[in-house]
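The residues making up each chain are set out below.
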Amino acid sequence: MRPDKRRTSDLADEAKGEEGGLVFHPMDQFLVKPLFGDGPVGMFTITNVTLWMALTVLCIIALLVLGTRSRAIIPSRTQSVAELAYGFIFKMVEDVAGKEAIKFFPLVMTLFLFIVFANFLGLLPMSFTTTSHIAVTAVMAMGVFLLVTLVGFWKHGLGFLGIFWISSAPLILRPILALIEVISYFVRPLSHSIRLAGNMMAGHAVIKVFAAFAAVLAISPFAIVAITAIYALEVLVSFIQAYVFAILTCVYLKDAVSDPHH
Amino acid sequence: MATENTGEVVADAPGMPQLDFSTFPNQIFWLVVTLIVIYFVLSRIALPRIGSVLAERSGTITNDIAAAEDLKQKAVEAEEAYNKALADARSEAAKIVASTKAEIQTEVDAAIQEADAEIAARAAEGEKAIAAIRDSAKADAATVAKDIAKDIVAAVAPGKIDAKSITAAVTAKMKG
C-alpha cells in the first residue's frame, strides 16, 4: 500500500495532459494521507482524517458554544440555529425513543452533529469527507448497536430477548418471526453504517466523474450542469443521511429502554 | 500510458480507499477522540446552556402572560369601580335634586299661603270700608232726601203735612 506514490504518479500523468484523454481518479479524494510529510499511516499519525475531524469539532464548538455564549432570551442568529438543532434532536429522541431515552440525548446529538458537519465540510471542494469511510461509520454504528444491546440487557435482563418474540403474532409463526427478527437485529449495524458511507462516497465519486468529463470540450457544459445538480442533491443527502442516522439510533434505543413485550 | 497507469493503480492500492485496512486504526483512533471531545463539549457546556436558555425563555414567556392576565383583570376591576362610582354619583345627584325641589316647593307653598291670607285679609278690610262708606252714603242720601222732601212739601203746602209722615213716606220709597 503506497497511496502517496500512486498519487504522485497520477499527478504527473495529469500534468502531461494525456492528449485530451479522460483522467478518472474519482476515488483519490478518499485517500487517507499523513498531513505532514510522507510515510506510513500509523494509528496516531496526524492525517487528513485528523484535520477534517478537528474542523468538525471546531464548527460544532463555534455553533453550539460560541454561538450561545450570550445566553440571550432573545437569541442571535447563531444562537437560534443552535437552539433549533437542540430542539430538533431533543424532540426526535423524545418522540421516537420515548421519555426514558432522554438520558441518551447528548449521545444522539453528538452523532447527529458530527455527521451533519462532517458531511457538509466534505462538500467543500478539495476537502476530505470523513463520513464516507466505512471505518468511521462502522465504529459509530457498532457503538450504537453495542449500547442498545447492553442497555437492553441491563434494563430488562433476559426479558430483553422478548423483542424477538412477537407475542401478537399467531403462535405457529412466532419461531419463524423470531429467526427473522434475530437476523434483522444483527444486520442493523451493517445497514446503519453502509447507508451513510455509501451515500457519501457515491455522491462524491459521481461529482468527480463528471468533473473529469468537464475536461472534454464537447460535453463540458453538460458536465458542469450535472456537477451543479448533483452538488445540490448532495447538500440534501448530507442532511438527510445525518437525520436518518440519528433517527435510526433513536429507533434502536427505543428497543433498549421501552418494554420489550409489545 | 493510460493502461500502464490503470495497471499500476490495481497493483498498488485497492480500488476503494475505504477498504484499505491499513488506515483503519488511524481513522478509528481519531474518530473516537473526536466523538469523545464533541460529547464532553456538548454534555458539559453546550446542551445544559441551551437547555437553561430555553427553560428561562419559556419561564419568562409564562410569567409575562400571567402578568398580562393580572393587569387585564385589574383593568376590568378598575372599570367596574369607575362605573359604580359614576352610578353612585348619579343617584346621589338625583337625590339631592329631588330633596332640593321638595324644599323649594314647601317654601313656595308657605309663601303662597301667606300671601293668600294677606290678600284675603286686605280684601276683607276693603270690603268693610266700602260697606261703611256705602252705609254712610245711604244714610246721607236718606237724610238729604227727607230734608229736600220736607222743604218741597213746606213750599207746596205749608203746615198741612207733618214731618213724621214725610220721613216715613221717603223711607218707604227708598226701600222700594
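Basis of the calculations
- Residues numbered from 1 in each chain as written.
- Chains lettered and ligands numbered in written order.
- Predicted model: local features only at pLDDT ≥ 70, side-chain atom pairs only at ≥ 80, totals over all residues.
- Heavy atoms only, no water.
- Helix = DSSP H or I, 4+ residues; strand = E, 2+ residues; numbered from the N terminus.
- Rg over C-alpha atoms; globule rule 2.2 N^0.38 Å.
- Buried < 20%, exposed > 50% of the residue type's maximum accessible area, 1.4 Å probe, protein only.
- Areas by Shrake-Rupley, 256 points an atom, 1.4 Å probe, with all protein chains shown as cover.
- Patch = residues over 30% accessible without salt bridge, like charges linked within 9 Å, V, L, I, M, F, W, Y side chains within 5 Å.
- Salt bridge = Lys/Arg side-chain N within 4 Å of Asp/Glu carboxyl O.
- Lys, Arg positive; Asp, Glu negative; His and termini not counted.
- Charge placed at Lys NZ, Arg CZ, Asp CG, Glu CD.
- Polar contact = N/O pair within 3.5 Å; in protein donor to acceptor, adjacent residues only side chain to side chain.
- Contact = heavy atoms within 4.5 Å.
- Expected span 1.5 Å × (residues − 1).
- Bend = angle between axes of the 7 residues up to and from the residue.
- Core = buried A, V, L, I, M, F, W, Y, C linked by side-chain atoms within 4.5 Å.
- Buried area = accessible area lost by both parts, 1.4 Å probe.
- Nonpolar A, V, L, I, M, F, W, Y, C, P; charged D, E, K, R; others polar.
- Phe/Tyr/Trp six-rings, centres within 6.5 Å; stacked < 30°, edge-to-face > 60°.
- Axes fitted to C-alpha atoms, helices over the stretch in contact; angles between N-to-C directions.
- Parallel < 35°, antiparallel > 145°, perpendicular 65-115°, else oblique.

**Q** Just to check I follow, could you spell out the overall build of chain B for this structure?
**A** Counting secondary structure elements, chain B contains 3 helices and 0 strands. Along its sequence from the N terminus, chain B presents helices and strands in the succession α-α-α. Computed over the C-alpha atoms, the radius of gyration of chain B is 68 Å, more than 25% above the 16 Å expected from 2.2 N^0.38 for a compact globule of 176 residues. Along the first, second and third principal axes, the C-alpha set of chain B runs to 205 × 40 × 15 Å. Taking all 176 residues of chain B together, the buried fraction comes to 16%. When the accessible area of chain B is evaluated, it comes to approximately 12700 Å², of which 65% is carbon and sulfur surface.

**Q** Hey, could you run me through a negative patch on the surface in this one?
**A** On the surface, a cluster of negative charge is made up of Glu69, Asp70, Glu77, Glu79 and Glu80 of chain B. Mapping Glu80 of chain B onto the fold places it in helix α2 (residues 24-156).

**Q** Would you take a moment to explain the side chain of Ser258 of chain A for this structure?
**A** Within the secondary structure, Ser258 of chain A sits in the segment after α7 (220-257). A polar side-chain atom of Ser258 of chain A sits 2.6 Å from the main-chain carbonyl oxygen of Lys254 of chain A.

**Q** How should the side chain of Thr110 of chain A be read in this particular structure?
**A** Residue placement: Thr110 of chain A occurs in helix α4 (residues 105-122). You can call Thr110 of chain A buried: its relative accessible area is 3%. Leave out the neighbours within four places in its chain, and Thr110 of chain A touches Leu35, Ile38, Tyr39 and Leu42 of chain B.

**Q** So what exactly am I meant to see when it comes to α2 of chain B here?
**A** Structural remark: α-helix, 3.6 residues per turn; residues separated by three or four positions point the same way. The first and last C-alpha atoms of α2 of chain B sit 188 Å apart over 133 residues, in line with the 198 Å expected at 1.5 Å per residue. Within α2 of chain B, the axis deviates most sharply at Leu42 of chain B, by approximately 45°.

**Q** I would appreciate a short explanation of the nonpolar core in the present structure.
**A** Nonpolar side chains in soluble globular proteins tend to end up buried together. Core analysis: the biggest nonpolar cluster contains 61 residues, and Leu64, Met109, Phe114 and Met140 of chain A together with Leu42 of chain B have the highest contact counts within it. Going through the elements one at a time, α2 (48-66), α3 (77-97), α4, α5 (134-156), α6 (174-213) and α7 of chain A together with α2 of chain B are the ones with two or more residues in this core. When residues of this core are assigned to their parent elements, the largest contribution, 11 residues, is made by α4 of chain A. Apart from the residues lying within four places of it in its own chain, the contact partners of Phe114 of chain A are Met53, Thr56, Ile60, Thr130, Thr131, Val136 and Met140 of chain A together with Leu31, Thr34, Leu35 and Ile38 of chain B. Formed by 5 residues, the second largest nonpolar core is a distinct cluster that contains Ile207, Phe210, Ile227 and Ile230 of chain A.

**Q** Hey, could you run me through the pattern of salt bridges in this one?
**A** Working definition: two side chains of opposite charge can pair if their charged atoms are close together. Applying the stated criterion to the full structure yields 6 salt bridges over all chains. Close ionic contact of Lys99 of chain A with Glu94 of chain A constitutes a salt bridge, the shortest N to O distance being 2.8 Å. In this structure, Asp88 of chain B and Lys84 of chain B form a salt bridge, with 3.7 Å as the shortest nitrogen-oxygen distance. You can see Asp88 of chain B and its partner Lys84 of chain B sitting in helix α2, 4 residues apart, about one turn around the helix. Looking at Asp88 of chain B, the relative accessible area reads 41%, which means it is partly exposed.

**Q** Mind showing me how you'd approach the interface of chain B and chain A here?
**A** Reports of interface size often rely on the accessible area that becomes lost once the parts have come together. Taken together, the contact pairs 42 residues of chain B with 53 residues of chain A. Interface area, chain B with chain A, both sides summed: about 4400 Å², of which 71% is carbon and sulfur. Across the contact surface, chain B and chain A share 1 salt bridge. Residue Arg57 of chain B is joined to Glu83 of chain A by a salt bridge in which the shortest nitrogen-to-oxygen separation is 2.8 Å. There are 13 residue pairs in polar contact (both at pLDDT 80 or more) connecting chain B and chain A. Elements supplying a minimum of two residues to the side of chain B that touches chain A: α1 (2-12) and α2 of chain B. The element that contributes the greatest number of residues to the side of chain B that touches chain A is α2 of chain B, accounting for 27 residues. Split by residue class, the side of chain B that touches chain A holds 25 nonpolar, 11 polar and 6 charged.

**Q** Help me understand the packing of aromatic side chains in this model?
**A** Geometry of an aromatic ring pair is reported as the spacing of the ring centres plus the angle between the planes. With the rule as written, the count across this model stands at 20 aromatic pairs over all chains. Here the aromatic rings of Phe44 of chain A and Phe29 of chain B are separated by 4.6 Å at their centres, their planes lie at 90°, and the arrangement is edge-to-face. Of the two residues, Phe44 of chain A sits in the loop between α1 (3-16) and α2 while Phe29 of chain B sits in helix α2, which places them in two different chains. Taken together, the aromatic side chains of Phe145, Phe153, Phe160, Phe164, Tyr185 and Phe186 of chain A make up a single cluster linked through ring pairs.

**Q** What's the story with the packing of α6 of chain A against α7 of chain A in this structure? I'm lost.
**A** For any two helices packed against each other, one specifies the inter-axial angle together with the distance between the axes. Residues and elements named next belong to chain A. Where α6 meets α7, the closest approach of the two axes is 9 Å, and the angle between their N-to-C directions is 170°. The angle between α6 and α7 falls in the class roughly antiparallel. A per-class count over the contact of α6 with α7 returns 18 nonpolar, 9 polar and 4 charged.

The values reported here are purely geometric and, on their own, carry no functional implication.
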